[in-house]
Each structure stands twice: as structure tokens, then as C-alpha cells.
Amino acid sequence: MSDLLSKASAADPDLEDDVLVRVDSLVKYFPVRGNGLVRRAVAQVQAVDGVSLSIRRGQTLGLVGETGCGKSTLARCIAGLIPATSGKVYFEGRDITNLSRRAMQPVRREIQMIFQDPYGSLNPRRRVGAIIGDPFAVHKTATGGERKRAVQDLMARVGLNPEHFNRFPAEFSGGQRQRIGVARALALRPKLIICDEPVSALDVSIQAQVLNLLADLQADFGLSYLFIAHDLEVVRHVSNAVTVMYLGRVAESGPGDAVYGHPRHPYSAALLSAAPAADPDAAADRQRILLTGDVPSPINPPTGCRFHPRCPKAQDLCATDEPALRTTAGDPSTHLTACHYPVAEGEILARADRRVQR
Amino acid sequence: MGLLEVTDLRVSFPTADGVVQAVRGVSFSVERGRTLGIVGESGSGKTVLTQSLLGLTPGGQISGKAMFDGVNLVGLDQKSLQKIRGKEIAVIFQDPLTSLHPLYKVGWQICEMIRAHDKSVTKAQATERSIELLGHVGIPRPRERVNDYPHQFSGGMRQRAMIAMAISLGPKLIIADEPTTALDATVQAQILDLLLRLQQDSHTALLMITHDLGVVADIADDVMVMYAGRAAEKATKRDTFYEPHHPYTKGLLESIPRSSAAADRLRPITGQPPSLIRLPPGCAFHPRCAYVMDRCLTDQPELQPVGDAGEHRSACWLPAAAIGLTDHADELRTQAVEMARGEKAAKVAEAIAEAPESAGTVIA
């Protein structure tokens, strides 16, 4: 694999052994075009603005954040589905940013995606066997009877009846369709699977089935996952490390227990306090931090810290200086927060004092 | 005597494939100032149940009784229903983008609601009232925003506008059908907070339909868990979460990833909900139930009192004392099952055990 890659790409200068993917200051802007004849770009949607992260072999990185924070755009840049504006993506130490179609082809075998909507991501007019067999056809790795056998093995592996090979997606339930998506992603034995809200459309009992399946596959094949979801409890359950994004930037990242146990960024703290817990006593005891207002537009994001207009403890500095990601005293070195005034142990944000003009 | 008393409500839809039995004999009541959470998965009948009360299920065959403030809503003519809808019973739907008309200003849509029920209100008065309402539900600068179109509002603001519309006529009952499902966590927290505050201020009854047990844990007083068109369990919120009796409720609770048990394996309910056209005989949950007994295959259980308090009811043949998520409760369940599981039920149980949630052989 690595010799296939070496032709087209440069080596990662900061390669660590167990890091599968490293993203370095990735930026993705989408132009907003005017209505004139030339359709000149009149503004930029700053969807992802300088995000760095790494995904370790055999581990799961959870990516959380609200609608419009850029998590799906980031995932698509990593998978090479859309070109990055600037920054680098390293896969197994090789730079795979903006490779040509041809050079990207072997990399695509290694990085697969599972999408949110099990209804929209499967072609309703094709049989399940053909859908799951597509990766073999595209990469010309198996044909005829061999392909059929491989597809049926995959179906059995993800908990589908291999005899249902000839059925159409419409004949399956939502959970089963998501299993079809998983089988398709698994076909070429990738090293990384990007799961973009894989269980959001499923009912809780089915959601648990699919989460268990993903965990089993990770253990069996040593897969790495980039797991995107808005359900914080689901992300905590599956992730080794968690990255919290807000408006195109990383607000906080670190080991799951650290981020969930002691969120340092006021946004992470608010997000965690807002997540509904299926436990009435916990819900009653919780100090909920209610944020005011909505997420600002990524076309014209706030200066300084992007969270400052909604932050319960913003000061003047936050409006002018952008905070860098750094470790708060007392935290493990991998727990990074981009905040001038990180939340202290035992601090009650719901009663924080705000000293900046809105 | 509750504000809304529903008795043995049944709704079915005749289709080319057969009769879809969406709701199969559900009874419940809601009092003023209280919140009843109706929980269930897709297809459990929770939405049809409430929509049928308001005559919003065209083609549905409805039977049973639904007494609202002394009036039976079942079989009521459209004209009388129209007077109740919006004014006495307001509904907040899941998707605020499709429930607001995209071509009319938000303020206009609230005014229309007010004037449809009271013709004596002038346009100017209605506009003033909608500005006041928008301010009340937390929309900043309501005097300017009242002239915005729905697309100029964010998702959270649209849902606030829907709530403003729902409370505009001071309804006695608000039905909220998955009101926060389409929203982000921080916005969801804002909306739930708002609903709870409005409900407490005006002493309204709230019917909260959701698939999210977290939402129920937050704002409900009582909970009804639905499965395949019937109530599986009815209890106070605390009993539902800490002393569940029905294996389905228990299964739902165990399916949720919880922070306390991070990295543990989840325990999903195996299989899938049944088709509402071809329902299994006996208890509809038996093909997925780990505690299946002979009786479950043939006899459909009714809601029976369980536990200590009379309020807690469950539709399950397991002994009434077997409540909770403790080992002791599980022992009681297992003992009961050992006594009452014959050859037929053993076969079903075997099939459940042999259908692992992520089956298959490992291929290298």
C-alpha cells in the first residue's frame, strides 16, 4: 500500500507510529457567488478554519458539535470527497491532500464512509448484492462467483441474511439498511471508516444493535473510526478521544473521560449540560447552562474567540484575541482547550459573570 | 377527572395490503398543569394516537372515547372540531420549517391564527398581540422580526414561533409532537425550558410525544410507553426509569448508552417491531422478549397494577413484584419464566437467543 502512495505524495514531517490520520491546520472555504454575469465570489463560508487532529490506529475519534460547525465538511475533506482550501491531511504518514483522481484511487480503498440516511445513501433500484459488491467492481478486486461469495460473507458478518442477496433496499428496515451501508464500507477492508451520524436516524433499540456491530468490527479488523454524531452519549460510548468543534474551529479536544468529566471550554460545558440524560434524578440535579442566541453565520464569524458573543464568561480579551489550543493546568497533556478563561474545577457557569458588550 | 380522558381508543387504516392497526385500545388521562410523556419507537402509534383526537387522520377508522372538557372528540363533526383545534388544543409539530407557510410572514401567520378564532380582533390588535407573543417566547427584537419570513428564522426561532402560535389563544392542552427532534442539543435545552416555563405559568396540560427518553426524563410528570399501538407501561416518571416492569421498557432503558457504563457493551432489544398489518398473536412484544412464556403466545395482557403504588401499570404477564433493574428483580422474572415456559415458548426464546444482534462468522 505505502509504495502505491509514495509516488504521489510527500511524507508527514511529524509522523508518530500509531497515528493513522493526521490533519494539520485544515481550511475549507466555500465561495458565495454573486448574481452578476461573472458570478464572482462575494464572500466565503468559512466552514472549516484551521482544524488539526489525529486519529490513532484501532481507535475511535468522536467529533461533536452543532449543525453548521463544519464537522461533516471536515470529514469530507479527510475522505478526499471535496478539495481542501489549505492545510494538510496525512494518511499513514503520506500527504493525501488534494491528490489527483488517479493518485487518490488506492487511498479510497483505505478510507470508507457510512452516511446518516440509510434511505438516501442506497440506490433504490439496485439489488443489495450489487450495492455491496460495487467496491469490488470499482477496484476490480473480485469478479463473478468470487464477488458473490465475498458479498454474502459480508452480509453474514453484519448480521444480514445472505440469502437476501437479491432483494431491493426497500425490502429492508432502517436498521438493516444501515447494516447494508456498513457492509459496503467494509468490503475493501479499509483502515479508516468515517461514520457521519450513522445511528441518528435509528430508534434506540436498533441504534444499540448498530453500535455493537461497529464495536465488534473494530475489534475484529482493527478499524479506526472517525465518528460524527450530535448525540453526546453515543459519542462518549464509542470514542477513545473526542474533539468538540464550534463554528469551524476546534474548541476542545482530548481523551473522552477528560472532556466529558471536566470540560474546560465553556461551549463544551454548555453542550454537555444541555444534552438530555435518560435519568430523571440526574436531569433534576443538573445545573443547565442555557446559551443565548444562535450560532453566528460562518460567512462573517465573530472576531477573537468565535464563541464570545454567546459565552457566559466572556471578557474583553475574548472579543479581540483568538485563543490557541493549549493544556489547562492539571489536565493530561492531550487535553487541549481553546479558551482564555477555561472553566475551573467546580465552577458554576450558570452563574458566570459576563463582562463584554454583546 | 382529567382534562382529557381517553378510553379504549382504536385507530385503523384500511389499505390495499390489509388493515393497519395503528392504535389498538389505548386509555390515558391528562390533568391541567401536568405533562404526560408518550414514548415509543417509529410505528408505535404515538403520533396517530394524538392526531386522531383532532381529526387529523383522514381515512382512519376511529373508535373509543376521548372526553375533552366534557366533549367527546371521537366522532365530533369537523365544524366543532375546528373550534377546538388551536383554541382549546394546540399542536406543535416536529419540523417547524414545514409547519410554517414559507410565503407568509411569521407575524401574519400568528395573526391569522388569532383572527380565525375571534373575528372581533382587528388586524392592528392581532399584530400587537403577535409581537407580544414573539417577545414572550424569547425572540429578540420582536417588533422587527414579526415581519420576517420563516426562512429568515433559525430552526430554534422557528420552533419558538410555532410555540408562540400554539399559546396565542391560551389553550388548555398543548400536544407537542417531537418538538425538539430536529434541533441541536443547546437549542433543544432552550425550547424545553421555554415549554416548561409556559406550561407552569398558564397551568396548561402538556402531551409530550417523543422517542427520546432524555426529553421525557427532563420534563414529563407521567410516562406512557407504547409498543405496536398499545400502552406497554404507564407510570410516574421515576417509576418508569427506576422501577420498570415491562421488558420493553427495560429493554429501551438498557439500549441507551449511559455515561456511567461507558465502554460497556450495549444490550439492545433483538429483532424489530412487528408489522401493524400482521401482528403476532398474544403479546405483540413476545417475538423479541427474553422472558417469553407460553401464555404470551396466545393471551394479550391488559394493563395491570404492578409494584406497590396503584398508579404504576404494566401490560405484561410477569409477576407484579418483578419491577426494577436490579438482580433481585431479574431473579423474580427468571423464576416466573421457569415455571411458565413450556415447549412452545422455549422454541421462541431459542430463536431470540440465536438471533444475535451482530451475527455471522468472522471472515479474515
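Residues numbered from 1 in each chain as written. Chains lettered and ligands numbered in written order. Predicted model: local features only at pLDDT ≥ 70, side-chain atom pairs only at ≥ 80, totals over all residues.

## Focus: the overall build of chain B
Thinking step 1. Broken down by element type, chain B carries 14 helices and 12 strands.
Thinking step 2. For 364 residues, the compact-globule estimate of 2.2 N^0.38 gives 21 Å, and chain B sits close to it at 23 Å.
Thinking step 3. Overall size of chain B, expressed as C-alpha extent along the three principal axes, is 75 × 50 × 45 Å.
Thinking step 4. Burial status across chain B gives 47% buried among its 364 residues.
Thinking step 5. Residue pairs at least 24 apart in sequence account for 63% of intrachain contacts in chain B once pairs closer than 6 positions are excluded. (Helix = DSSP H or I, 4+ residues; strand = E, 2+ residues; numbered from the N terminus. Rg over C-alpha atoms; globule rule 2.2 N^0.38 Å. Buried ≥ 20, exposed ≤ 12 C-beta atoms within 10 Å, placed from the backbone. Contact = placed C-beta atoms within 7 Å.)

## Focus: the overall build of chain A
Thinking step 1. When helices and strands are counted, chain A shows 12 helices and 12 strands.
Thinking step 2. Against the 2.2 N^0.38 benchmark of 21 Å for 358 residues, chain A shows a C-alpha radius of gyration of 22 Å, consistent with a compact globule.
Thinking step 3. Each principal axis of the C-alpha atoms in chain A carries an extent, and together these give about 70 × 55 × 45 Å.
Thinking step 4. Relative to its full complement of 358 residues, chain A shows a buried share of 49%.

## What to know about the environment of Thr97 of chain A
Residues and elements named next belong to chain A.
Thinking step 1. Summarising the element assignment, Thr97 is placed in the loop between strand 5 (94-95) and helix 3 (101-110).
Thinking step 2. A residue is classified by how many C-beta atoms lie within 10 Å of it, and Thr97, with 20 of them, is buried.
Thinking step 3. Each C-alpha atom, one on Thr97 and one on Pro83, is 7.5 Å from the other, the two residues being 14 residues apart in sequence.
Thinking step 4. If sequence neighbours within four positions are ignored, Thr97 has contacts with Ala84, Lys88 and Val89.

## Observations concerning the packing of helix 4 (residues 106-117) of chain B against helix 7 (residues 155-167) of chain B
Residue and element names in this part refer to chain B.
Thinking step 1. At a minimum axis distance of 9 Å, the contact between helix 4 and helix 7 shows a crossing angle of 20°. As the angle between them shows, helix 4 and helix 7 are arranged roughly parallel. Between helix 4 and helix 7 lies a crossing whose hand is right-handed. Taking contact as the criterion, the partners of Val106, Gln109, Ile110 and Met113 in helix 4 are, on helix 7, Ala161, Ala164 and Met165.
Thinking step 2. Here the residues of the contact of helix 4 with helix 7 are counted per class, giving six nonpolar, one polar and no charged. (Axes fitted to C-alpha atoms, helices over the stretch in contact; angles between N-to-C directions. Parallel < 35°, antiparallel > 145°, perpendicular 65-115°, else oblique. Left-handed = near helix turned anticlockwise from the far one by under 90°. Nonpolar A, V, L, I, M, F, W, Y, C, P; charged D, E, K, R; others polar.)

## Remarks on the interface of chain A and chain B
Thinking step 1. Contacts between the two partners involve 41 residues from chain A and, on the opposite side, 42 residues from chain B.
Thinking step 2. Contributing elements (two or more residues each) for the side of chain A that touches chain B: helix 5 (144-157), helix 7 (204-221), helix 8 (232-238), helix 10 (266-274) and helix 11 (280-285) of chain A.
Thinking step 3. Looking at the side of chain A that touches chain B, the element that brings in the most residues is helix 7 of chain A, giving 10 residues.
Thinking step 4. Here the side of chain A that touches chain B is composed, by residue class, of 20 nonpolar, 10 polar and 11 charged.

## Points about the domain arrangement of chain B
All names here are of chain B.
Thinking step 1. Along its sequence, chain B is organised into domain 1 (4-220) and domain 2 (254-354).
Thinking step 2. Counting residues per element, the side of domain 1 that touches domain 2 draws most heavily on strand 2 (residues 18-30), at five residues.
Thinking step 3. For the side of domain 1 that touches domain 2, the class distribution of residues is four nonpolar, three polar and two charged. (Domains from an automatic or database assignment.)

## A short note on the sheet that holds strand 9 (residues 241-246) of chain A
All names here are of chain A.
Thinking step 1. In space, the eight strands of this open sheet follow the order 6-7-8-3-9-10-12-11, with mixed pairing throughout. Looking at strand neighbours, the two that pair on one side only are strand 6 (111-114) and strand 11 (326-327), the edges of this open sheet.
Thinking step 2. Sheet strands in contact with helix 2 (residues 71-78) are strand 3 (60-64), strand 7 (192-196), strand 8 (224-228) and strand 9, and its direction is about 150° off that of strand 8.
Thinking step 3. Lying over the sheet, helix 10 contacts strand 9 and strand 10 (249-255), oriented at roughly 105° with respect to strand 9. (Pairing = 2+ DSSP bridges.)

## Side note on unusual backbone geometry
All names here are of chain B.
Thinking step 1. The phi angle at Asp69 is positive, at roughly 55°, despite the residue not being glycine.
Thinking step 2. Accessibility expressed as a C-beta count within 10 Å gives 15 for Asp69, which makes it partly exposed.
Thinking step 3. Look at Arg141: it is not a glycine, yet its phi comes out positive at around 45°.
Thinking step 4. Within the fold, Arg141 resides in the loop between helix 5 (123-136) and helix 6 (142-145).

## Some remarks on the sheet that holds strand 10 (residues 230-236) of chain B
Residue and element names in this part refer to chain B.
Thinking step 1. Strands sit in the order 6-7-8-3-9-10-12-11 across an open sheet of eight strands; the sheet is mixed. Each edge of the open sheet is held by one strand with a lone partner, namely strand 6 (89-92) and strand 11 (304-305).
Thinking step 2. Relative to strand 8 (residues 205-210), strand 7 (residues 173-177) runs parallel, the two sharing five bridges. Bridge assignment links Asp177 to a residue of strand 8, and that residue is Ile209.
Thinking step 3. Sitting on the sheet, helix 7 is in contact with strand 6 and strand 7, with an inclination near 175° to strand 6.

## Concerning the pairing of strand 10 of chain B
Regular strands place their side chains on alternate faces of the sheet.
All names here are of chain B.
Thinking step 1. In terms of burial, strand 10 is largely enclosed, as six of its seven residues are buried.
Thinking step 2. Judged from the six bridges that link them, strand 9 (residues 222-227) and strand 10 form a sheet pairing that is antiparallel. Each residue of the ladder has a partner; that of Met224, found in strand 10, is Lys234.
Thinking step 3. Following strand 9, the chain reverses through two residues before pairing antiparallel with strand 10; Ala228 in that reversal takes a positive phi of roughly 45°.
Thinking step 4. Pairing of strand 10 with strand 12 (residues 313-314), which is carried by two bridges, proceeds in the antiparallel orientation. Across the sheet, the residue bridging to Lys234 is Arg313, located in strand 12.

## Quick word on the confidence of the model for chain A
Detail in the predicted coordinates should be disregarded across regions flagged by low pLDDT.
Thinking step 1. For chain A, per-residue confidence averages 88 on the pLDDT scale, and 94% of positions sit at 70 or higher.
Thinking step 2. Counting interchain partners and residues more than four positions distant, the pLDDT-below-50 stretch residues 1-9 of chain A has 13 contacts. (pLDDT = per-residue confidence, 0-100.)

## Some details on the environment of Tyr242 of chain B
All names here are of chain B.
Thinking step 1. Tracing the chain through its elements places Tyr242 in helix 10 (residues 237-242).
Thinking step 2. Take Tyr242: there are 17 C-beta atoms within 10 Å of it, and that puts it in the partly exposed class.
Thinking step 3. Between the C-alpha atoms of Tyr242 and Thr326, which are 84 residues apart in sequence, the distance is 9.4 Å.

## Focus: helix 1 (residues 46-53) of chain B
Two residues of an α-helix separated by three or four positions point the same way, owing to the 3.6 residues in each turn.
Residues and elements named next belong to chain B.
Thinking step 1. Of all eight residues that make up helix 1, eight are buried, and the element is covered over most of its length.
Thinking step 2. For helix 1, every residue scored as buried is listed here: Lys46, Thr47, Val48, Leu49, Thr50, Gln51, Ser52 and Leu53.
Thinking step 3. Gly55 lies just past helix 1 and shows a positive phi near 70°.

## Quick notes on the environment of Lys88 of chain A
Residue and element names in this part refer to chain A.
Thinking step 1. Residue position: Lys88 is located in strand 4 (residues 86-91).
Thinking step 2. By C-beta crowding, Lys88 is classed as partly exposed, having 18 other C-beta atoms within 10 Å.
Thinking step 3. Sequence spacing of Lys88 and Val107 is 19 residues, and the spatial spacing of their C-alpha atoms is 15 Å.
Thinking step 4. With residues up to four places along the chain from it excluded, the contact list for Lys88 reads Asp24, Asp95 and Thr97.

## With respect to the confidence of the model for chain B
Residues and elements named next belong to chain B.
Thinking step 1. Taken residue by residue, chain B gives an average pLDDT of 88. The fraction at 70 or more is 95%.
Thinking step 2. Within chain B, helix 3 (residues 96-99) has the poorest average pLDDT of any element, 78, and strand 9 the best, 96.
Thinking step 3. Note that residues 358-364 has pLDDT below 50 and, in this model, 16 contacts with residues that lie over four places away or in other chains.

## Here's the deal with helix 5 of chain B
Residue and element names in this part refer to chain B.
Thinking step 1. With 14 residues, helix 5 ought to run about 20 Å at 1.5 Å a step, and its terminal C-alpha atoms sit 20 Å apart, in line with that.
Thinking step 2. Listing the buried residues of helix 5 in full gives Ala126, Ser130, Ile131, Leu133 and Leu134. Summarising the axial view, the buried residues of helix 5 lie within an arc of 165°, below the 170-degree limit, and thus occupy one face.
Thinking step 3. Among the structural elements, helix 4, helix 6 and helix 7 are those in contact with the buried residues of helix 5.
Thinking step 4. Within two residues after helix 5, Gly138 carries a phi angle of roughly 90°, on the positive side. (Expected span 1.5 Å × (residues − 1). Arc of directions from axis to C-beta.)

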